[in-house]
Amino acid sequence: MNAAKRPVVGITARTVPVTLQGTDLVVSLSLQSHVDFLAAAGCVPVVLPVRPGVEQLLDGLQGLLVPGGPDVDPALYGQERHPLTRVASTELDRAELALIGAALTGGLPLLAICRGMQLLNVGCGGTLHQHLPEVTGSDGHRPPGPGFEFGRHVLDLRAGSRIARVFGDDTPKTACHHHQAVDRIGENLTATARTPDGVVEAVEAVGHPFALGVQWEAGQTEDDRLHHALADAARQR
């Protein structure tokens, strides 16, 4: 790639209902912070509407970000649905799994956030805890409240891991909002960060140039180091 060109990084969209000028609409969108952080890191962010066949677009990308969103269909990892599991669309699940699988196969730099990390794990044959308070005994990872409340946890990073290299000695304090989490870790993945209560907060693909999943809500704080790390990997590609 010409050194003067900025790497193109895809961000998978979320489909949500909105009201605009009094009209009810359904739109495909991305968090503006993902767009802004990647642009500031020297990338051209592109929002990808998640439909069947979207993985065909990866040939034009140098990186991929799969953000947070709804619960993953537990049928994809061989479980019955928990009463508190909220699946938005099995089509969304399968399309994003196809994207993640193509990124892993093709060596495309991948940052998978929250739901994205869970999909990465499921796509590699892993499973999820469907309702984390039944495992940890608390709501510490998704505190109850009238708004979008964050749980705060200091991470234990595995020495020598990619996530440890991203953050160095300045260990992040996560901003979590999830009631599901990795249970059995998928094939060719390794857990590289955990919270004090043992919940997996980061996984990395073994032998891949840059495939990193984080469970916390990266993009909803001012910390943009993960986006810069994805941008650096995209430039190297």
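For the structure itself, consult the block above.
Please read these numbers as outputs of a predicted model, since none were measured by experiment. (Residues numbered from 1 in each chain as written. Predicted model: local features only at pLDDT ≥ 70, side-chain atom pairs only at ≥ 80, totals over all residues. Heavy atoms only, no water.)

Reading across from one edge, S4-S1-S5-S6-S14-S13-S12-S9 is the order of the eight strands in this open sheet, with mixed pairing throughout. The strands lining the two open edges of the sheet, one partner per strand, are strand S4 (44–48) and strand S9 (156–157). Here strand S1 (residues 8–12) pairs with S4 via five bridges, running parallel. Counted as the bridge partner of Val8 is Val44 from S4. (Pairing = 2+ DSSP bridges. Helix = DSSP H or I, 4+ residues; strand = E, 2+ residues; numbered from the N terminus.)

Another aspect to go through is the packing of aromatic side chains. This model, assessed by the stated rule, comprises one aromatic pair. Their ring planes at 50° and their centres at 6.2 Å tell us that Phe167 and Trp216 sit as a pair that is tilted. Within this pair, whereas Phe167 is found in helix H5 (residues 162–167), its partner Trp216 is found in the loop between strand S14 (211–214) and helix H6 (225–236), the two being separated by 49 residues in sequence. As far as burial versus exposure is concerned, Phe167 and Trp216 are alike and both buried. (Phe/Tyr/Trp six-rings, centres within 6.5 Å; stacked < 30°, edge-to-face > 60°. Buried < 20%, exposed > 50% of the residue type's maximum accessible area, 1.4 Å probe, protein only.)

Turning our attention to the packing of helix H1 (residues 32–40) against H6. Where H1 meets H6, the closest approach of the two axes is 9 Å, and the angle between their N-to-C directions is 55°. The orientation of H1 with respect to H6, classified from their angle, is oblique. Here H1 and H6 pass one another in a crossing that is right-handed. Residue-level contacts link His34, Phe37, Leu38 and Ala40 of H1 to His227, His228 and Leu230 of H6. Each residue belonging to the contact of H1 with H6 can be placed in one class, and the counts come to four nonpolar, three polar and no charged. (Axes fitted to C-alpha atoms, helices over the stretch in contact; angles between N-to-C directions. Parallel < 35°, antiparallel > 145°, perpendicular 65-115°, else oblique. Left-handed = near helix turned anticlockwise from the far one by under 90°. Contact = heavy atoms within 4.5 Å. Nonpolar A, V, L, I, M, F, W, Y, C, P; charged D, E, K, R; others polar.)

Further remarks concern the layout of surface pockets. What the largest pocket holds in volume is close to 780 Å³. As for the largest pocket, its lining consists of 35 residues, of which Arg14, Gly68, Gly69, Pro70 and Arg115 are closest to the centre. Within the residue set of the lining of the largest pocket, elements represented by two or more residues are strand S2 (14–20), strand S3 (23–29), helix H2 (90–106) and helix H3 (115–123). At three residues, S2 tops the list of elements feeding residues into the lining of the largest pocket. (1 Å grid on protein atoms, 1.4 Å probe; cavity = no way out; pocket = protein on both sides within 12 Å on 5 of 7 lines; lining within 4 Å. Points joined across faces, edges and corners; volume = space filled by probe spheres on them.)

Another point: H2. Between its first and last C-alpha atoms H2 spans 24 Å; for 17 residues at 1.5 Å apiece the expected length is 24 Å, and the two agree. Buried residues of H2: Leu92, Asp93, Ala95, Glu96, Leu97, Leu99, Ile100 and Ala103, and no others. Summarising the contacts, the buried residues of H2 are in contact with S1, S2, strand S5 (63–66), strand S6 (110–113) and H3. For H2, the capping residue at the N-terminal end is Ser89, with a side-chain oxygen 3.2 Å from the backbone nitrogen of Glu91. Within two residues after H2, Gly107 carries a phi angle of roughly 70°, on the positive side. (Expected span 1.5 Å × (residues − 1). Polar contact = N/O pair within 3.5 Å; in protein donor to acceptor, adjacent residues only side chain to side chain.)

Any functional reading would require information that these geometric values do not contain.
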